[in-house]
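What follows is each chain in one-letter form.
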Amino acid sequence: MTLSTIRIIGLLTLECVFSSVSSAQRSVTLLEALRSTLSNHPGISIQEQQVVADRGLELQAASIFYPVWVTSLTQQRSYIPLTALDQLTYLADGYPRASAQVLTYTDLNSSYTKLEPNGIQVILSTDANRSEDNLLDNFGANRSISQFRIVLPLLAGRGRDVVEAADRAAAVEVNAALLDLNQTISQLMVNTAQSYWN
């Protein structure tokens, strides 16, 4: 190593030592203390999560006015083996030769429901099904039902005040949570400033 290299390494070492000493002696400014409180205090995070939770409850309360469409399709098939005596009985009665009775039932159901803010509920539904039996009903049986219903609330259940009460209450909860968050932030900033000056 040359003398100039040793001098450079020595100067860099002294610079590192003095910079670490000066940063350790350096005091925290009020602005840095406030920023640290706002970014690191768990009370603020808790209040922020409470606001998020209350907004979710507000969305859930408003969802009663969303239309609901439900559709289902089911099919059941029953296979019932026949004894030799049952086979002969059905054959003697003129039914086709079969080693089992097969029952098939198919059902298609669909409905639409919508609650209006004034309390009126509209319901549309349809149900179609088919049942088949390979021994007793070769042609099968079809049945369908369609309905259109309007539900009008009477007396205490009528009107916007009753129907929208949960939605309005959820909005008040969100505003209260925001006020709590603002109060928590303000109180923590005051506490930090007082601690800084004391």
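Just so we're clear, the structure is a prediction, and the values are computed from it rather than from any experiment.

S.K.: Please provide a residue-by-residue account of the pattern of salt bridges, values included.
M.R.: Going through the model one piece at a time under the given rule, you end up with three salt bridges. For Arg130, the salt bridge identified is with Glu132, shortest N-O distance 2.7 Å. Close ionic contact of Glu164 with Arg168 constitutes a salt bridge, the shortest N to O distance being 3.8 Å.

S.K.: I'd like to hear about the packing of aromatic side chains, residue by residue, with values.
M.R.: Per the counting criterion, the structure on display carries two aromatic pairs. Each ring, one from Tyr196 and one from Trp197, has its centre 5.0 Å from the other, and the planes form 85°; the classification is edge-to-face. With relative accessibility at 64%, the residue Trp197 sits in the exposed group.

S.K.: Tell me about the nonpolar core, residues and numbers included.
M.R.: Among the nonpolar cores identified, the biggest contains five residues, and these are Ile44, Val51, Ala177, Leu181 and Leu188. Elements with a minimum of two residues in this core: α3 (42-62) and α6 (165-197). With three residues, α6 is the single largest residue contributor to this core. In this view, Leu188 contacts Thr37, His41 and Ile44; residues no more than four positions away in its chain are not counted.

S.K.: Tell me what's going on with the sheet that holds strand β3 (residues 121-133), and back it up with residues and numbers.
M.R.: An order of β1-β2-β3-β4 is seen for the four strands of this open sheet, with the pairing classed as antiparallel. With partners counted over all chains shown, the strands left at the sheet margins are β1 (68-81) and β4 (137-151), one partner each. The sheet shows a mean angle of 10° between the axes of neighbouring strands, direction not considered. In this sheet, β3 lies alongside strand β2 (residues 100-115) in antiparallel orientation, the contact comprising 13 bridges. Each bridged residue has a counterpart across the sheet, and for Leu115 the counterpart in β3 is Gln121.

Thresholds, definitions, all that
Residues numbered from 1 in each chain as written. Predicted model: local features only at pLDDT ≥ 70, side-chain atom pairs only at ≥ 80, totals over all residues. Heavy atoms only, no water. Salt bridge = Lys/Arg side-chain N within 4 Å of Asp/Glu carboxyl O. Phe/Tyr/Trp six-rings, centres within 6.5 Å; stacked < 30°, edge-to-face > 60°. Buried < 20%, exposed > 50% of the residue type's maximum accessible area, 1.4 Å probe, protein only. Core = buried A, V, L, I, M, F, W, Y, C linked by side-chain atoms within 4.5 Å. Helix = DSSP H or I, 4+ residues; strand = E, 2+ residues; numbered from the N terminus. Contact = heavy atoms within 4.5 Å. Pairing = 2+ DSSP bridges. Axes fitted to C-alpha atoms, helices over the stretch in contact; angles between N-to-C directions.

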